[in-house]
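# Coordinate inspection notes
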Amino acid sequence: MSIAKKFLLFFSIICAATAFISTGAQGVAGSSDILQVPEKEKDTTSVTLPSINSLNRKNGDDHLYHPQNDTTAKDSIPVVHADSLKTATDSVPPPKKSAIEARVDYQSEDSIVMTGRNMIFLYGQGDVKYQSMELTADYIQVNMDSSNVYATYSLDSIGDPVGYPVFKDGGSSYESKTMRYNFKTKKGYITDVITTQGEGYVTAGRTKKMTDDVLYMVDGKYTTCDNHDHPHFYLGLTKAKVRTGKNIVTGPAYLVIADVPLPIAIPFGFFPFTDSYSSGILMPTYGDEMTRGFYLRDGGYYFAFNDYIDLALTGEIYTKGSWGLAAQSKYRKRYRYNGNFNAGYLVTVTGDKGIDYQKSTDFKVNWSHSQDPKANPYQVLSASVNFSSSSYDRNQTSSMYNPNLYTTNSKGSSISYTQRFPESPWTLSANIMASQSTKDSTVAVTLPNLTINMSTVFPFRRKQVVGKERWYEKVSLSYSGVLQNSITTKEDLLFKSNLIKDWNNSFIHNIPVSATFNFLKYLNVTPSVSYKERWYTNRYLRDYDTEQKKVVNTDTIWGFNRVYDYGVSLGFNTKLYGFYKPWKVFGDKVQAIRHVFTPSISLSARPDFGSESYGYWREITYIDAQGRTQTEWVTPFQGKDVPGRGKSGALNFSVQNNLEMKVKSDSDSTGVKKISILDNLALSGSYNLMADSMKWSEFSLAVRLKLSKSFTFNINAILDPYTYRVDGKKQDIMRWQDGKGFARLKSTGTSFSYTFSNEVFKKFWGAITGEKAEESDATPTSTTDQAIEDIEEGDATTPQEQEKIGSLRQKKEETGEYDEFGYLKTTIPWSLSFNYGLNLTYDMANFNTEKREYPYTINQNLGFSGSLTPTPGWTFGFSTSWDFDSHKLVYMNCNIARNLHCWSMSAGFIPIGPYKSYNFTISVNSSLLHDLKYDQSSNYRDAMDWY
């Protein structure tokens, strides 16, 4: 080889080595290669960091703090592969393998300082990313040689800590005060760590982070309280292993409340976490009752079948022999349907054998199902079932927490299925209905109730209309058919009844035909024909029983029975408008008053279906217990729908009145607004032209006043136009003929309710003074139960919400509104609701023979309920009712609730009435620790009178 070639080769090797050493020491910005650090002697030269004199130190720590954050510096640590150029000699040692295997990105909002010792310092919200790891803190230092990173917080201008280290790796996240982490081993040491696990938080003073997201902690805490420095309660964990997102395994643990350790400890603990629900054991609760003894209840097993349905099987057992089983299930399929099912069976044993021993068996079935209207517009299934034995609500233990259950006198259930046919007027509906009266254990069941409906059609209307509509094209026809199978009996006899002999079967058809014509431009004329037919499977032979002293069914004849009736009518109705404009001398505030008068008259006729040719009625004669001869009309279809006796040619009339006023608007000088003076005043009645006597019917009067947008006053009344005989029966003499006026009030009734609150009074006061009331997004609490429900939910921020807010250690924002001077606005929300009902009727049991009039009897009911929130944490509520006959409160339910941030406390008591009881509960708001609670309650059975 020539001298020139040797020189060129030697020169190229020297240049390549120089470029390699320079690249390995400083890094190339923007390069995506892997950094290879060469071996070299340790640099003992002291390096002075830029602006080191302006850095602050805290309590002598080795952590550096930089207050400036007005600039943003971003950079990344580029890494490059080792040079692939082969050396000519073996004298060059091979490069050392780096611990960093991927690109390291870093940035800072304040400044970045790099030293010749491969040290990087980030000030002001620094951010370091390596593979799936991300570390953010206000101060971070990175040692590229040892692959170590150290992070801590800093102090702001007023001395408050900011920028706590937050470490994220995959799906796990930790926040701490200091943290050391090694890129290669993926292990770290953390002080004062906070991490969210499930619905709670885990904190610890010293923590070792291992691979696979495993944390080993000493002196840790597990709590659902978001006040991390001083939680209101926590489980002290002496030693713990945390598998983030999976579970916590702990050694000895103890309960601490308000920084006071309680003598409640466990030798070990296991806390599982999962994002999806799963099957598991339901732990029972314990307690005792005076009448049924000690108990374990609500224990069992929970089945999580899939994402659409679940099932909880629970039971309860008492030491004195009572026991019960229950099944609860919820199901939901989005955009299709949702519902819940609840069934229970309860055996209640009270007293001692041979003395006052009692045993009762109760059951209940609750089912609610609703279908999304978009799922299928032609098929709809809905259910609302609330069926139980009359004593179930009183015997179940949980009823003491909801006293409204055992004070309810009636229940109703229904299941319905509707099938509509596209482009067809036909609709098919099937219903199952049941109603209960717990007062006398009466139950009425209809099973099934099948309805076939045909919507209104115009059979004579042409498909292609040419010219004017002809009169016969206005004739409309519709049809409805109802197949019923019903029974009314006592609940203990319901399942013992015979489906053929005890149940009533019928098939009822209705066919109305009508048309509407316009006469003389302003008068609507409506002729109509109606036909109704019933099909029954049995009829009765009825006669007077001398032993029972009444008419009874003597025999039942089975077979097909057809009962029908028909009638015709002709109706006339129109609308008359009257306007009145007040004189200008009274001002121009009232623009006009409008009166709408709507009269309606109709003539109807039907034959006498009480004649013997129809066979619907029969007259019998008997001698009563006083020896008097009596006559009575009886029907073989007793208890069924049957046409009435007597022919009819009735003149029906009704008048309706509406009165409104137009006034100038106060807010707009050119605008007007309508004010209702009389929303409706209606009077209706009839006169039978073909009746032999009692031709006038009773008159109906209805009044409706719209006092405000949210309050309407309604009252209905029945007016009696006839006089009475000495024996209390009506006589064919009108009251105006006897000089007693037009008619006498026979019955009337009304009910109304209203809610007063501080918001209502603000609006009322603003209307008087002209000041506009401040609008509030908060709706005043109108019911005590809703207020307590809101309190029990608590206002503590969930871990998921807090992650969105920012640092877990940041100060909680103060709630409340402030005025322009910086003072807190204090409001005390309150509400007071009342409902009043009044019924005035004839006292048919007492007849005044001197005046030949029935006296009046008045039935009144008055109920009150209210709530008060003196502070954001406290809520008081009550509900009661007043008995006007006994002149005392007959029932009262009081509730107190307290929001304790991560705890909730509630108490309720019934101080008066037959259901005197109380309950007190204090529990953790988190559903994960729902067993961490204290319950103390009584039962109305324990309220014994001792003599």
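Going by the structure above, here's the rest.
Here's a quick rundown of the structure. (Residues numbered from 1 in each chain as written. Predicted model: local features only at pLDDT ≥ 70, side-chain atom pairs only at ≥ 80, totals over all residues. Heavy atoms only, no water.)

## Some words on unusual backbone geometry
Omega for the peptide link from Leu447 to Pro448 comes to -5°, which places this bond in the cis form. Here Pro448 shows up in strand S30 (residues 442-457). The backbone of Asp213 shows a phi angle near 55°, a positive value even though the residue is not glycine. You can see Asp213 is positioned in the loop between strand S13 (200-210) and strand S14 (214-223). (Helix = DSSP H or I, 4+ residues; strand = E, 2+ residues; numbered from the N terminus.)

## A few points about the state of the cysteines
Going through the model one piece at a time under the given rule, you end up with zero disulfides. The thiol sulfur of Cys225 is not disulfide-bonded, and the nearest other cysteine sulfur, from Cys902, lies at 3.6 Å. For Cys225, a relative accessible area of 0% gives the class buried. (Disulfide = S-S within 2.5 Å. Buried < 20%, exposed > 50% of the residue type's maximum accessible area, 1.4 Å probe, protein only.)

## Observations regarding the pairing of S14
Along any regular strand the residues' side chains alternate between the sheet's two faces. Pairing geometry for S13 and S14, over nine bridges, is antiparallel. Bridged to Val202 within S14 is Tyr222. The antiparallel pairing of S13 with S14 creates a hairpin that spans three residues between the two strands, and Asp212 there sits at a positive phi of about 60°. Where S14 and strand S15 (residues 233-243) come together, eight bridges link them in antiparallel fashion. Within S15, the position partnered with Val214 by the bridge is Arg243. (Pairing = 2+ DSSP bridges.)

## Thoughts on the pattern of salt bridges
Counted according to the given criterion, the structure contains 20 salt bridges. The salt bridge involving Arg462 is made with Glu473; its shortest N-O contact spans 2.5 Å. With a gap of eleven residues between them, Arg462 in the loop between S30 and strand S31 (476-490) and Glu473 in the loop between S30 and S31 connect regions that are remote in the sequence. In this structure Glu473 comes out as buried when scored by relative accessible area, which is 1%. One salt bridge connects Lys746 with Glu698, and the closest N-O pair in it is separated by 2.8 Å. Separated by 48 residues along the polypeptide, Lys746 in strand S46 (residues 744-757) and Glu698 in the loop between strand S41 (672-688) and strand S42 (699-706) bring together distant segments of the chain. Counted as one network, the salt bridges with shared partners bring together Arg735, Asp738, Lys740, Arg744, Arg852 and Glu853. (Salt bridge = Lys/Arg side-chain N within 4 Å of Asp/Glu carboxyl O.)

## Looking at the packing of aromatic side chains
Scanning all chains against the criterion turns up 45 aromatic pairs. With centroids separated by 4.7 Å and ring planes inclined at 65°, the aromatic side chains of Phe847 and Tyr854 adopt a geometry described as edge-to-face. Note on Phe847: relative accessible area 21%, which makes it partly exposed. For Tyr854, a relative accessible area of 8% corresponds to the buried category. Among the aromatic side chains, those forming a connected cluster through ring pairs are Phe713, Phe752, Tyr754, Phe756, Phe834, Tyr836 and Phe884. Geometry around Tyr234 places Lys221 over its ring, the cationic atom sitting 4.7 Å from the centre. Its guanidinium or amino end placed over the ring of Tyr536, Lys640 lies 5.9 Å from that ring's centre, counting from NZ or CZ. (Phe/Tyr/Trp six-rings, centres within 6.5 Å; stacked < 30°, edge-to-face > 60°. Lys NZ or Arg CZ within 6 Å of the ring centre and 35° of its normal.)

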